[in-house]
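Summary of structural features
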Amino acid sequence: MADVQEAITQAHREEWARVVATMAKRFGDLDIAEEAAAEAFATAVERWPADGVPPNPGAWLTTTAGRKAIDRIRRESRRDDKQKEAQMLYDDDPPEPLGAIDDERLRLVFTCCHPALAMESRVALTLRMVGGLTVAEIARAFLVQESAMGQRITRAKAKIKGARIPYRVPSAEDLPARVSGVLAVLFLVFNEGYLATGSDTDPVRHDLTAEAIRLTRLIRALIPRDGEVAGLLALMLLIEARRAARVSPSGELITLDEQDRAAWDATLVAEGHRLVRERLAAGEAPGRYQILAAINAVHTSARDARDTDWSQVVALYDQLVRLDPSPIVALNRAVAVAELDGPEVALAAVDRLADKLADYHAYHATRADLLRRLGRGEQSRAAYDRAIELAGNTAEIASLTRRRDHL
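If you're wondering where the values come from, they're calculated on a predicted model, not measured in any experiment.

A tally of helices and strands in the chain yields 19 helices and zero strands. Whereas a compact globule of 407 residues would reach a radius of gyration of roughly 22 Å, the chain reaches 24 Å, a difference of no more than 12%. Principal axes of the C-alpha set define a box for the chain whose edges measure 80 × 45 × 40 Å. The 407 residues of the chain split such that 51% are buried. Only carbon and sulfur atoms are counted for the fraction: they give 50% of the accessible area of the chain, which is about 20100 Å². Taking the average place of the 55 positive charges on the side chains of the chain and the average place of its 61 negative ones, the gap between the two points comes to 2 Å.

Below is the structure:
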């Protein structure tokens with residue numbers, strides 16, 4: 001029985017997106033696709049323990065989902081406005097020309113991440129339709145009521161249908177811009193897991209970081225030559241590798257320089273480094289995620305924090321600033337500058353960001369640390385207070401509180 005349950009769990013993990021994507025392509029409706037997939041898995045839970053696990057679980061689930069969808073459409077086809085949907089079952093029109101890449105799961109990803117949808121809707125819809133997370137799981141991840149998250153997903157599907165957003169991979173010329181939108185969704189999911197913002201949730205959400213990595217691996221398998229996909233995967237792996245060392249037994253966030261590097265996942269580090277080396281060898285101008293991955297590769301190459309090649313880190317940030325001149329990138333660059341040129345030079349750079357980052361907790365935390373190193377205790381304490389006030393992560397608040405109280 002345990003083996004059957006494990007087979008169902010594995011099938012859900014590996015086949016959910018494929019089944020939903022196949023149904024969406026066949027019936028042209030995400031609601032029908034999702035419901036049919038869910039019913040197919042529910043049927044598997046009922047029948048596999050008695051009948052045994054089929055030799056090809058994916059094919060069994062797809063066939064079952066197709067029958068469930070047909071049943072639903074037949075029930076509804078008595079209404080005139082459903083006739084056309086019912087006729088789709090027997091559509092003899094030739095298939096549409098393939099896009100730049102032909103994979104049904106990729107079509108599903110691009111549909112869920114369509115720029116016509118709000119970013120929060122893209123994230124929720126991707127986790128539900130591609131990741132197979134339940135509405136309750138997604139609601140918990142983003143700290144909203146389950147009913148509100150369900151409505152968000154329903155509205156997103158309705159918008160796709162109402163606006164006739166095509167279920168397809170973009171054309172070759174549109175692909176780079178659309179891929180960047182997909183990667184932005186996956187990076188948002190990963191960041192919420194890496195440093196969860198809720199006060200009543202785990203400070204590090206492994207379920208979310210793992211799902212973001214799994215979906216990025218899927219995109220990488222489908223678009224293997226895309227440098228930014230490889231860069232984002234490398235970045236996620238090198239950050240995820242440090243997970244076991246990031247929170248102390250007492251629940252306090254441990255900064256990179258204080259982490260036990262022996263606790264890092266060597267396998268993930270090695271894979272991340274290999275991807276970074278592959279991108280360097282490609283000889284192509286790197287994008288944002290590739291540079292961020294390279295920065296993390298420098299950090300994870302050092303056996304001790306004191307061995308970090310800070311000149312290389314600053315040089316990479318200089319490259320990143322040219323691509324992404326955002327104040328957060330400038331703030332992170334200043335942290336590296338502090339190690340290379342000293343806290344006074346870094347503080348001057350940080351203070352220039354005051355107007356743009358006044359409500360960002362990491363700005364005040366960085367400033368507090370630099371002021372502490374310069375011996376300006378009273379100003380440092382005030383900056384720590386502001387950082388604690390703005391931070392939402394329990395482990396980070398604990399770390400900032402300790403630093404303030406040790407002044």
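Following the structure, the description resumes.
Packing of helix α16 (residues 343–351) against helix α17 (residues 361–373) leaves a shortest axis separation of 9 Å and a crossing angle of 150°. By the angle between their axes, α16 is roughly antiparallel relative to α17. Crossing of α16 over α17 shows left-handed handedness. For the pair α16 and α17, contact is made by P343, A346, L347, V350 and D351 and by Y363, T366, R367, L370, L371 and R373, respectively. For the contact of α16 with α17, the per-class residue count stands at seven nonpolar, one polar and three charged.

With that out of the way, let us pick up helix α19 (residues 394–405). Look at α19: 16 Å from first C-alpha to last across twelve residues, which is about the 16 Å you get at 1.5 Å a residue. What α19 keeps buried is the set A395, E396, S399, L400, R403 and R404. On its buried face, α19 is in contact with α17 and α18 (377–390). With a side-chain oxygen lying 3.1 Å from the backbone nitrogen of A395, the N-terminal cap of α19 falls on N393.

In this section: the packing of aromatic side chains. Counted under the stated rule, the structure contains four aromatic pairs. Between W16 and F41, the ring centres sit 5.8 Å apart and the planes meet at 40°, which makes this aromatic pair tilted. Here F41 lies in helix α2 (residues 30–51) and W16 lies in helix α1 (residues 2–27), a separation of 25 residues in the sequence. Exposure remark for W16: the relative accessible area of 3% places this residue in the buried category. When the ring of W48 is compared with that of W60, the centres are 5.4 Å apart and the planes differ by 70°; the resulting orientation is edge-to-face. Of this pair, W48 sits in helix α2 while W60 sits in helix α3 (residues 57–76), and the two are twelve residues apart along the sequence. Accessibility expressed as a relative area gives 18% for W60, which makes it buried.

Turning to the confidence of the model for the chain, a few remarks are in order. When pLDDT is averaged across the chain, the result is 88; 92% of the residues are at 70 or more. Every residue in residues 89–102 scores below 50 in pLDDT, and together they form 19 contacts with partners more than four places removed in sequence or on other chains.

We now examine the packing of helix α11 (residues 227–240) against helix α13 (residues 288–301). As a packed pair, α11 and α13 sit with axes 7 Å apart at the nearest point and diverge in direction by 30°. Of the two elements, α11 crosses α13, and the hand of that crossing is left-handed. Every residue of α13 that contacts α11 at G227, E228, G231, L232, A234, L235, L238 and I239 is listed here: R288, Y289, Q290, L292, A293, N296, A297 and T300. When its residues are assigned to classes, the contact of α11 with α13 shows nine nonpolar, five polar and two charged.

Turning our attention to the pattern of salt bridges. Counted by the stated rule, this structure contains 28 salt bridges. Among the salt bridges present, the one from E15 reaches R18, with a minimum N-O distance of 3.1 Å. In this pair, E15 and R18 are both assigned in helix α1, three residues apart and thus about one turn of the helix distant. E15 sits in the buried class, given a relative accessible area of 15%. By relative accessible area, which is 36% here, R18 ends up partly exposed.

Attention shifts here to the environment of E240. Here E240 lies in helix α11. In contact with E240, other than residues within four places in its own chain, are F190, H206, T209, I213 and L268.

This paragraph deals with α16. Taken residue by residue, α16 has P343, A346, L347, A349 and V350 as its buried positions. For α16, the angular spread of buried residues about the axis comes to 160°, placing them on one side. If you follow the buried residues of α16, they end up packed against α15 (327–341) and α17.

Mapped onto the elements, D324 comes out in the loop between α14 (310–323) and α15. Taking the relative accessible area as the measure of exposure, D324 reaches 18% and is therefore buried. Polar side-chain contacts of D324 include one of 3.1 Å to the side chain of R288. Beyond its immediate stretch of four places on either side in the chain, D324 contacts R288 and V329.

Now for the side chain of E211. Positionally, E211 belongs in helix α10 (residues 206–222). For E211, the contacting residues outside a window of four places in its chain are L127, G131 and L133.

A few words now on the nonpolar core. Core analysis: the biggest nonpolar cluster contains 120 residues, and L61, L108 and L125 have the highest contact counts within it. By residue number, the principal contributor to this core is α1, which donates eleven residues. Excluding residues that lie within four positions of it along the chain, L108 makes contacts with A17, V20, A21, L30, M129, V130 and Y167.

The rules we used
- Residues numbered from 1 in each chain as written.
- Predicted model: local features only at pLDDT ≥ 70, side-chain atom pairs only at ≥ 80, totals over all residues.
- Heavy atoms only, no water.
- Helix = DSSP H or I, 4+ residues; strand = E, 2+ residues; numbered from the N terminus.
- Rg over C-alpha atoms; globule rule 2.2 N^0.38 Å.
- Buried < 20%, exposed > 50% of the residue type's maximum accessible area, 1.4 Å probe, protein only.
- Areas by Shrake-Rupley, 256 points an atom, 1.4 Å probe, with all protein chains shown as cover.
- Lys, Arg positive; Asp, Glu negative; His and termini not counted.
- Charge placed at Lys NZ, Arg CZ, Asp CG, Glu CD.
- Axes fitted to C-alpha atoms, helices over the stretch in contact; angles between N-to-C directions.
- Parallel < 35°, antiparallel > 145°, perpendicular 65-115°, else oblique.
- Left-handed = near helix turned anticlockwise from the far one by under 90°.
- Contact = heavy atoms within 4.5 Å.
- Nonpolar A, V, L, I, M, F, W, Y, C, P; charged D, E, K, R; others polar.
- Expected span 1.5 Å × (residues − 1).
- Polar contact = N/O pair within 3.5 Å; in protein donor to acceptor, adjacent residues only side chain to side chain.
- Phe/Tyr/Trp six-rings, centres within 6.5 Å; stacked < 30°, edge-to-face > 60°.
- pLDDT = per-residue confidence, 0-100.
- Salt bridge = Lys/Arg side-chain N within 4 Å of Asp/Glu carboxyl O.
- Arc of directions from axis to C-beta.
- Core = buried A, V, L, I, M, F, W, Y, C linked by side-chain atoms within 4.5 Å.

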